[in-house]
Structures are given as structure tokens and as C-alpha cells.
Amino acid sequence: MTAPRPSPQDLLDLSHTLGNPEYAILGDGNTSARGPENTFWVKASGTSLATVRSEDFVQLSTPRALAMLDARDLSDDQIRAELIACKLDAAPTPLPSIETVMHAALLSFSGVNYVGHTHPTTINMLTCSARFEEALAGRVFPEEVVICGPAPVLVPYVDPGLPLARQIKHQVDEFIVEHGELPRTIYLQSHGFIAIGASARDVRNITMMAVKAARIRLGALSIGPLTLLSQADIDRIHKRSDVHYRQQIIGKS
């Protein structure tokens, strides 16, 4: 199935969906979408996902933002100045999200057209736990595999902004080598959650299923250890032709 061309309206609609108070409040979280001719849109810093307007997104140069991944260590003021310089209009306001480089890095992967970064309360109950890796490892029920993929990326706590972008890029590269495909879910210790997808609907569906999975994990952990699906079961579900068909239907509906 070919994903529709990314559009500002789809990004706006996705952002409002992810502005559900259970996913993000106030200035929590940020969203982005691939743009034309080596550009991308990202939510402006401090704006609310629930009430964000089209003028609250900024368009930036993808190559210039990606260059920051390999730049020398930059001060906070230098990072701010460079983010402004990445904007096509180079205007000082609105300021791009602090996570702009992370969005650029994820959108640089083939097949990723949208990124949704949220701080769901239920997911953060797990990401902020001392049992972070244990609580979020593996898959616990079939639909988690269908929508969220065969495995998550679990990122240890890193300072938000450029350091976090570098760590996420590194771990996604490692995931691709190990699994031969992109991840769909990225959990950030003591921070939040990222869903990536070819369409805005993909990102919405992944976020919804990840929140459901977090609730199930919390409930299971309250009465004992998690029962994880075996790798054989995960592989079987992930490769079934009827599952691929259902994924396409879910992605359209």
C-alpha cells in the first residue's frame, strides 16, 4: 500500500488527536511530517498539540537540521541559533521544537513520513519506573505485534534535544540492522513515547495501541511478572499474510 503524500492538514489533524489529555497536556510533545524538496514541518516550541494551528508549524531544511547530528558540541544558545537558521524563513519566532533534530533524523529514514512524540500518562508510569526495560520489553498480546511491530526501541534517559536525537538515531540504526525493518515504537526512559509511520493514521494507531499495551502491562505487573509472547509467536504473527491484509485495512479505516 502506498501512503498518501504528507500534507500539513493531515499533520494538523494528527496533532489534535495526539492532544488527547491522556497523551499530552499544555506544551507536551511534538509532531512532524516530511515536506517537499528536502524540508519538513515540525510543531513550534511551547504550543499545545490539542489547539495547535497551521501557523504554529515551522518548515525547515532537512539537510541543515541533519548536519547538527555531526556538529561539535553546541551550547544551548548555539543550538537555538542553529534551529532558527534551519527554518526556511529564518525568522526568530516561532521557535522550532527542542526535538527538531530528532524529528529530522527519524524522517530521514525511507518510509517515515510522520512522527508523533507524546508523553502519555499510562506509558510514563512505565518509562519512569526503575523496571523500565523489564516493563516494556517484548510483546504481550497479538494486536501489539500487529500494530506496534515485533519489538520496541528502549532508549535510556538522555538530555532532551540534540543529545537525545543522536541517541535515538544510533539505536534506530541498530534496530534496522538487527530486525531488517524500521521500528514503530520508541520508548524514552523518564520522558515519553515516539511513534513513526508512513501515514498520519499509522502514527495515531500506533500511539493508541501502545497506550492500551501500557495499561495491560501495568495491570499484569500489579499481580505478578509479565507473560511475554515467545519470539516464535511474534515471528508467526508478524509474518502472516492475513495480518498484513488487516494492517492495510486498519491503516485505511
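In this text, all values refer to a predicted model and were calculated from it rather than measured experimentally.

1. Observations concerning the overall build of the protein
At step 1: Each helix and strand in the protein was counted, giving eleven helices and seven strands.
At step 2: Taken along its principal axes, the extent of the C-alpha atoms in the protein is 50 × 40 × 35 Å.
At step 3: The proportion of buried residues among the 253 residues of the protein is 49%.
At step 4: Sequence separation of 24 or more characterises 67% of the internal contacts of the protein that already satisfy a separation of 6 or more.
At step 5: Just so you have it, the protein exposes about 11,700 Å², and 53% of that area is on carbon and sulfur atoms.
At step 6: Both charge centroids of the protein, one from 23 positive and one from 27 negative side chains, sit 6 Å from each other.

2. A closer look at the side chain of K43
At step 1: Its place among the elements puts K43 in strand β2 (residues 39-43).
At step 2: Ignoring sequence-local partners within four residues, the contact set of K43 consists of G27, G29, N30, T31, L49, V52, D56, F57, P96 and S97.

3. Notes on the pattern of salt bridges
At step 1: According to the stated counting rule, one finds nine salt bridges in the structure shown.
At step 2: For R64, the salt bridge goes to E82, with nearest N and O atoms at 2.6 Å. Linking R64 in helix α2 (residues 62-67) with E82 in helix α3 (residues 76-86), this pair joins segments that are 18 residues apart in sequence.
At step 3: Judged by its relative accessible area of 38%, R64 falls in the partly exposed class.
At step 4: Residues E144 and R139 are paired through a salt bridge, measuring 3.3 Å at the closest nitrogen-oxygen approach. For the residue pair E144 and R139, the accessibility class agrees, reading buried in each case.
At step 5: The network of salt bridges with shared partners includes R53, E55 and D56.

4. So, unusual backbone geometry
At step 1: Cis geometry is found at the peptide bond from T93 to P94, where omega equals -5 degrees.
At step 2: Tracing the sequence through the fold places P94 in the loop between α3 and α4 (100-107).

5. As for the side chain of S32
At step 1: Turning to its location among the elements, S32 is positioned in strand β1 (residues 30-34).
At step 2: Under the relative-accessibility criterion, S32 is labelled buried at 0%.
At step 3: Those residues within four positions of S32 in sequence are excluded, and the remaining contacts are L11, W41, V42, H103, L107, N113, Y114 and V115.

6. Comments concerning the environment of G192
At step 1: Inspection of the secondary structure assignment puts G192 in strand β7 (residues 192-197).
At step 2: You can call G192 buried: its relative accessible area is 0%.
At step 3: Ignoring any residue separated from it by four or fewer positions in sequence, one finds G192 in contact with T118, H119, N124, T127, I186 and Y187.

7. A closer look at the nonpolar core
At step 1: The biggest cluster of nonpolar side chains holds 39 residues, and the ones touching the most others in it are Y114, I123, Y187 and F193.
At step 2: At the level of secondary structure, the elements contributing two or more residues to this core comprise α1 (8-18), α5 (121-127), α6 (132-136), α7 (142-148), β7, α9 (200-223) and α10 (231-239).
At step 3: Here this core takes nine residues from α9, the largest share from any one element.
At step 4: L60, A65, V155 and L162 belong to the second largest nonpolar core, which has 33 residues in total.

8. Considering α3
At step 1: Within α3, burial applies to I79, L83, I84 and C86. End-on view of α3: buried residues confined to an arc of 155 degrees, all on one side of the axis.

9. Details of the environment of V153
At step 1: Among the secondary structure elements, V153 is positioned in strand β5 (residues 153-155).
At step 2: Separated by 33 residues in sequence, V153 and I186 place their C-alpha atoms 4.7 Å apart.
At step 3: For V153, the residues in contact, after removing those within four places along its chain, are Q171, F175, P183, T185, I186 and Y187.

10. Remarks on the pairing of β1
At step 1: Taken across its five residues, β1 has four buried, putting it largely inside the fold.
At step 2: For β1 and strand β4 (residues 114-118), the ladder comprises four bridges, and the chain directions are antiparallel. Within β4, the position partnered with N30 by the bridge is H117.
At step 3: One ladder, built from three bridges, connects β1 with β2; its direction is antiparallel. Among the inter-strand pairings, A33 is bridged to a residue of β2, identified as W41.

Analysis parameters
- Residues numbered from 1 in each chain as written.
- Predicted model: local features only at pLDDT ≥ 70, side-chain atom pairs only at ≥ 80, totals over all residues.
- Heavy atoms only, no water.
- Helix = DSSP H or I, 4+ residues; strand = E, 2+ residues; numbered from the N terminus.
- Buried < 20%, exposed > 50% of the residue type's maximum accessible area, 1.4 Å probe, protein only.
- Contact = heavy atoms within 4.5 Å.
- Areas by Shrake-Rupley, 256 points an atom, 1.4 Å probe, with all protein chains shown as cover.
- Lys, Arg positive; Asp, Glu negative; His and termini not counted.
- Charge placed at Lys NZ, Arg CZ, Asp CG, Glu CD.
- Salt bridge = Lys/Arg side-chain N within 4 Å of Asp/Glu carboxyl O.
- Core = buried A, V, L, I, M, F, W, Y, C linked by side-chain atoms within 4.5 Å.
- Arc of directions from axis to C-beta.
- Pairing = 2+ DSSP bridges.

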